[in-house]
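# Coordinate inspection notes
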Amino acid sequence: MEIKEKIKDLAKQKKAVILAHNYQPPEIQDIADLCGDSLELSIQAAKTEAEVIVFCGVHFMAETASILSPDKTVLLPKPDAGCPMADMITPRALKKKLSELSPMPVVTYVNSPAAVKALTTICCTSANAVKVVESLEEDELLMAPDRNLARYTAARTDKKIHLWEGYCPFHDRLTPEQIQKARDAHPGAVFMAHPECRPEALQMADVIASTSGMIRHAKESKHTAFIVGTEVGLLYPLKKANPGKSFYPASPAMECTDMKKITLADVAESLEHLTGEVKVPEDIRAPALNAVERMIALR
Ligand code: SF4
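Positions within a chain are numbered from 1, following the residues in the order the chain's sequence is written. Local features in this predicted model are restricted to residues of pLDDT 70 or higher, and side-chain atom pairs are both shown and tallied only at a pLDDT of 80 or more, whereas totals for entire chains, interfaces and linings draw on every residue. Side-chain figures throughout are based on the complete set of non-hydrogen atoms in the structure, without hydrogens or water.

### Remarks on the packing of helix 1 (residues 3-13) against helix 14 (residues 264-273)
- Running from N to C, helix 1 and helix 14 point in directions that differ by 25°, and their axes come no closer than 9 Å. Judged on the interaxial angle alone, helix 14 and helix 1 are roughly parallel. The chirality of how helix 1 crosses helix 14 is left-handed. Between helix 1, through Ile 3, Lys 4, Lys 6, Ile 7, Leu 10 and Ala 11, and helix 14, the contact on the second element is made entirely by Leu 264, Ala 265, Val 267, Ala 268, Leu 271 and Glu 272. In this analysis an axis means a line fitted to C-alpha atoms, helices contributing only their contacting stretch, and an angle means the value between N-to-C directions, from 0 to 180 degrees. Strands are runs of DSSP state E lasting at least 2 residues, helices are runs of H or I lasting at least 4, and numbering of each runs from the N terminus. Roughly parallel means an angle under 35 degrees; roughly antiparallel, over 145; roughly perpendicular, 65 to 115; everything else is oblique. It is the rotation of the near helix from the far one that decides the hand of a crossing: anticlockwise by less than a right angle makes it left-handed, clockwise makes it right-handed. Contacts are residue-level and defined by heavy atoms, with any inter-residue pair within 4.5 Å sufficient.

### Comments concerning the sheet that holds strand 2 (residues 34-36)
- Criterion used throughout: strands pair if DSSP finds at least two bridges between them. Read from one edge of the open sheet, 4 strands run 2-1-3-4, paired in parallel fashion. Strands with a single pairing partner mark the edges of an open sheet, and in this sheet they are strand 2 and strand 4 (73-75). Between one strand axis and the next, the sheet turns by 20° as a mean value, whatever way the strands run.
- Sheet analysis places strand 1 (residues 16-21) next to strand 3 (residues 52-56), joined by 5 bridges and oriented parallel.

### Re the nonpolar core
- Put simply, buried Ala, Val, Leu, Ile, Met, Phe, Trp, Tyr and Cys residues joined by side-chain atoms within 4.5 Å make one nonpolar core. Residue exposure (1.4 Å probe, protein chains only): buried if accessible area is under 20% of the type maximum, exposed if over 50%, otherwise partly exposed. Grouped together as the largest cluster of nonpolar side chains are 98 residues, with contacts concentrated most on Ile 18, Val 54, Val 107, Met 143, Val 267 and Leu 271.
- Here this core takes 6 residues from helix 4 (residues 59-68), the largest share from any one element.
- For Ile 18, the residues in contact, after removing those within four places along its chain, are Ile 7, Ala 11, Ile 31, Ala 32, Asp 33, Leu 34, Val 54, Cys 56, Val 267 and Leu 271.

### A look at a negative patch on the surface
- A patch consists of residues whose relative accessible area exceeds 30% and which take part in no salt bridge; residues with like charges are grouped when within 9 Å of each other, and nonpolar side chains (Val, Leu, Ile, Met, Phe, Trp, Tyr) when within 5 Å. Each accessible area value is a Shrake-Rupley result obtained with a 1.4 Å probe; residue values ignore everything except the protein chains displayed when judging cover. What counts as a salt bridge is simple: a side-chain nitrogen of Lys or Arg found within 4 Å of a carboxyl oxygen of Asp or Glu. His is not counted, nor are the chain ends; Lys and Arg add positive charge and Asp and Glu add negative charge. By convention, charge coordinates are those of NZ in Lys, CZ in Arg, CG in Asp, or CD in Glu. A grouping of Glu 134, Glu 137, Glu 138, Asp 139 and Asp 158 is seen on the molecular surface, where their side chains present a negatively charged patch.
- Of note, Asp 139 is situated in the loop between helix 7 (129-135) and strand 7 (140-144).
- Since its relative accessible area comes to 56%, Asp 139 is described here as exposed.

### Section: unusual backbone geometry
- With an omega dihedral of -10°, the bond running from Ala 144 to Pro 145 counts as a cis peptide bond.
- Its place among the elements puts Pro 145 in the loop between strand 7 and helix 8 (147-154).
- Phi at Leu 274 takes a positive value of approximately 50°, unusual for a residue other than glycine.
- Turning to its location among the elements, Leu 274 is positioned in the loop between helix 14 and helix 15 (282-296).

### Brief notes about the pattern of salt bridges
- Within the structure shown, the criterion is met by 13 salt bridges.
- A salt bridge links Glu 272 to Lys 6, with the shortest nitrogen-to-oxygen separation between them at 3.4 Å. Taken together, the positions of Glu 272 in helix 14 and Lys 6 in helix 1 put the pair 266 residues apart, joining distant regions of the chain.
- For Lys 6, a relative accessible area of 31% translates into the label partly exposed.
- The partner of Lys 78 in a salt bridge is Asp 266, with the nearest N and O atoms 3.1 Å apart. One end of the pair, Lys 78, is in the loop between strand 4 and helix 5 (91-100); the other, Asp 266, is in helix 14, with 188 residues separating them in the sequence.
- Given the relative accessible area of 14%, Asp 266 is considered buried.

What follows is the structure, given as structure tokens:
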């Protein structure tokens, strides 16, 4: 039997929903029931009748699904698919940093471990970071773990934001020279950049948006050519949603190794034997859920 059919059959048997993040390889996005950004996927999966969630993404995403769907079995088909940025913060390091600051709220990017979310006042995404920060009563806060998202937010609010020195290695590596090279190769193309990029890259952007925001913008725009300043996997859903428009990577080096780990064979294996389960323990899940729900309530 062809592997795609096998996955479909297994998903039916196990009452599973398959989720794929926008950065996953094309063949994974093609077999998924839902594609999108990590939080949106977890929210939608929680609303389904499925008993099993197969999350084709990285570890913190499967944790978020587990936080929102404690009664479902959440599977990460490649258990070692992690996120280098999420690994740049630990609960211990966060507690230490907080002990050095005056009391203040902590805003944590969803790209973080569940145990860090559990110590957090409120979570944020790249799309709602400014709104989340503005929703707080306090005028001073700590934002973690992405220093670039924190700088982007700080430039759009009067609040004082303390940074955590974390970053996404793939977004952080985009340089003004690479952007200029892409602009020279594709004159007139709209340059879209993700807030995880450095401030000097964002300064050159025509549009700053999350992955879902980029897909929406490209659809609604009258322009037909775009330079994409985010992980290269997004080119696939952009092209799929916009036949007739052209998309070029700002830099081919923006390829996340962990996002490319899961194969179709891994999905089939994980479904067949229910391997790769990610379950957030209740003592972490409850406070982490508070931080996530507080953000969702703002949407
Ligand atoms: S692209 Fe960056 S933020 Fe996203 S999973 Fe990879 S390392 Fe983490």
